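# Structure assessment
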Amino acid sequence: MTAHPPVAAHRARGRSRGAVTSLAAVSVLIAGAALTGCAQQRDSDVYTVMNSSTDETYHRWDAEAMARCGEQLGVRVEQQSVPASQVMTKALRMASSKSLPDIVQFDASEMPTFADAGGLVDLRTLGLTTDDVPKGIVDFGSYKGTYYGAARSVNTLALFYNKDILDEAGVSVPTTWDELRQAAKKLTEGNRYGVALSAGGAEDGVFQFMPFMWSNGGDETDLDSPQVVEALDYWKALLQDGSLSRSTVNWTQADVNDQFMAGNAAMMINGPWQVETLNTKKSLHWEIAQIPVPEAGADSVGPLGGAVLTVPNTGDTEREKTAGRIVACLASEKEQLTYALNSWMVPANEKAAAKWREEVPELDALADQVAAARSRTAKLGAGWSGVSLALQSAFQSALTGQSSETALQRAQQRATSGN
């Protein structure tokens, strides 16, 4: 398994500035589809789910789950998988041609754009409940208080470390920023860096910055605050120490994992989508811990990653009701647990998550990290993409010489002006 699509559908992923579709364009396309209804003639017993499960294993797991739910509901559920970077644009094209699928699995960071334009149905009106879902994960699938997206599983980041290297160096697993900096210095030797992370000019880098920014009290609505500047300065300090490769500005999360597996990094910031690949190297003894915090006792607050199942507003209320039942089945406790055990993600349902902890105790720290994690779009909704792009530019500038303060002042200007 790689960290490219479909895994990108389960975490943050990058988009170029030119790839961000204007909200006005989205609104026009979706409004036309919703007002005129669903023009395409459909088989009443066949329902389509569009997702980004292009990888063979994810496609197979989803197909099996859809077959089980279809049999349970007396319909056939078909899967249409496209690369993660194309889900939004494909959905927009289908909206304009009145051929939207019955269910779309959006990356949670993109869902608000479709919801803001009136393109999605409130899942609670279709009978879905959130009784066993933590508030943070409900918010993850909501926009302006309306529940549009049901998550089957979620993820966040953690500190992965090579147990053999730390043991040999006599280094304890760091829990604070000071401890992480000192440990990274001590573990840097020859071609091996103490720590690896992604600070690339894409959503990967932003996703990785959030635990440092949020745990330090920073906020996405105030990018040039002292707390955000301090977090970026911390990254710069790791770079200046020589504990972090200068290539970090070009690395994706997949690149970070490659460096860790090759023994070129003693620790890394990464997510559970790497576990299957990590486990292919039997000689690598890795473990995970929560991401270190600025001061002992502080909460380690990371970003929630993942995808949500949504029901597009097509105007066909009967099909929407059945689509809602399919979503409810795919997001049920039983199906969540099956999916999470396959994918190494954490179930969104609390009861399923408790069983998951028992099945994969080696990832217990990840479940703890998820419990405190936040949605990137909870505050900004469809405005998140502008902030993300501004931060991406700030990383590139600050880590290649500009002061963090100047880079983040420019980022704040870009985020508020759109330029």
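Residues numbered from 1 in each chain as written. Predicted model: local features only at pLDDT ≥ 70, side-chain atom pairs only at ≥ 80, totals over all residues. Heavy atoms only, no water.

Going by the annotation in an unreviewed UniProt entry, the name recorded for the protein chain is Sugar ABC transporter substrate-binding protein, with Streptomyces pimonensis given as the source organism.

### Here we look at the overall build of the protein chain
Per the secondary structure count, the protein chain includes 17 helices and 12 strands. Counting only residues that meet the buried cut, the protein chain has 57% of its 419 residues in that class. Across the protein chain, every contact between residues at least 6 apart in sequence was considered, and the portion connecting residues at least 24 apart equals 76%. Carbon and sulfur atoms make up 46% of the accessible area of the protein chain, which totals about 16000 Å². (Helix = DSSP H or I, 4+ residues; strand = E, 2+ residues; numbered from the N terminus. Buried < 20%, exposed > 50% of the residue type's maximum accessible area, 1.4 Å probe, protein only. Contact = heavy atoms within 4.5 Å. Areas by Shrake-Rupley, 256 points an atom, 1.4 Å probe, with all protein chains shown as cover.)

### Remarks on a negative patch on the surface
A contiguous patch of negative charge on the surface is contributed by D178, E179, E230, D233, E295 and E405. Of all the secondary-structure elements, those providing two or more residues to the negative patch are α7 (177-187) and α9 (226-241). Take E230: it is sitting in helix α9. (Patch = residues over 30% accessible without salt bridge, like charges linked within 9 Å, V, L, I, M, F, W, Y side chains within 5 Å. Salt bridge = Lys/Arg side-chain N within 4 Å of Asp/Glu carboxyl O. Lys, Arg positive; Asp, Glu negative; His and termini not counted. Charge placed at Lys NZ, Arg CZ, Asp CG, Glu CD.)

### Some thoughts on the sheet that holds strand β9 (residues 265-270)
Within the open sheet, the 4 strands sit side by side as β8-β9-β7-β10. Their pairing is mixed. Two strands in the sheet have a free side with no partner beyond their single neighbour: β8 (193-196) and β10 (286-289). Looking at each pair of strands side by side, their axes are set apart by 20° on average, direction ignored. Note that strand β7 (residues 158-162) and β10 share 4 bridges and pair antiparallel. (Pairing = 2+ DSSP bridges. Axes fitted to C-alpha atoms, helices over the stretch in contact; angles between N-to-C directions.)

### Considering the pattern of salt bridges
For side chains bearing opposite charge, pairing can occur when the charged atoms are close. As enumerated under the stated definition, the model contains 18 salt bridges in all. For E335, the salt bridge is made with R68, and the minimal N-O distance between the two is 2.8 Å. Here the residue E335 occupies a position in helix α13 (residues 333-343), and R68 occupies one in helix α2 (residues 56-73), the gap between them amounting to 267 residues. Residue class for E335 comes out buried when judged on its relative accessible area of 8%. Residues K379 and D219 are paired through a salt bridge, measuring 2.2 Å at the closest nitrogen-oxygen approach. One end of the pair, K379, is in the loop between α15 (364-371) and α16 (384-398); the other, D219, is in the loop between α8 (203-215) and α9, and 160 residues separate them in sequence. We classify K379 as partly exposed; its relative accessible area is 49%. Overall, the relative accessible area of 15% leaves D219 in the buried class. Linked through salt bridges whose partners overlap, the residues forming this network are D107, E203 and R376.

### Looking at helix α3 (residues 87-96)
Turning to α3, its buried residues number three or more, namely V87, M88, A91, L92, M94 and A95. On an axial view of α3, the arc spanned by its buried residues comes to 165°, and they lie on one face. Of the residues one or two after α3, K98 is the one with positive phi, at around 55°. (Arc of directions from axis to C-beta.)

### Overview of the side chain of E203
Relative to the helices and strands, E203 resides in helix α8. Taking relative accessible area as the criterion, E203 reaches 5% and is therefore assigned buried. Only 2.4 Å separates the side chain of E203 from the side chain of S388, close enough to count as a polar contact. (Polar contact = N/O pair within 3.5 Å; in protein donor to acceptor, adjacent residues only side chain to side chain.)

### Quick word on the confidence of the model for the protein chain
Per-residue pLDDT for the protein chain has a mean of 89; in total, 90% of the residues score no lower than 70. In the predicted structure, residues 35-39 sits below a pLDDT of 50 and forms 7 contacts with residues beyond four places in sequence or in another chain. (pLDDT = per-residue confidence, 0-100.)

### Things to note about unusual backbone geometry
Backbone geometry places K98, a non-glycine residue, at a positive phi of 55°. Tracing the backbone shows K98 in the loop between α3 and β3 (103-107). You will see that W344, though not glycine, has its phi angle at about 70°, which is positive. Considering the arrangement of structural elements, one finds W344 in the loop between α13 and β12 (346-347). By relative accessible area, W344 is classed as buried at 17%.

### Comments concerning the layout of surface pockets
Roughly 280 Å³ of volume is contained in the largest pocket. Lining the largest pocket we find 23 residues, and of these T129, V133, A331, Q336 and N349 sit closest to its centre. Breaking the lining of the largest pocket down by element, the ones donating at least two residues are α5 (135-140) and α13. In terms of residues, the lining of the largest pocket owes the most to one element, α5, which gives 3 residues. Its residues assigned to classes, the lining of the largest pocket comprises 12 nonpolar, 8 polar and 3 charged. Lining of the second largest pocket is provided by 14 residues; of these, P134, A353, A367, V370 and A371 occupy positions nearest its centre. Contributing elements (two or more residues each) for the lining of the second largest pocket: α5, β12, α14 (350-359) and α15. It is α14 that provides the largest number of residues to the lining of the second largest pocket, a total of 4 residues. Residues of the lining of the second largest pocket, tallied by class, amount to 11 nonpolar, 1 polar and 2 charged. (1 Å grid on protein atoms, 1.4 Å probe; cavity = no way out; pocket = protein on both sides within 12 Å on 5 of 7 lines; lining within 4 Å. Points joined across faces, edges and corners; volume = space filled by probe spheres on them. Nonpolar A, V, L, I, M, F, W, Y, C, P; charged D, E, K, R; others polar.)

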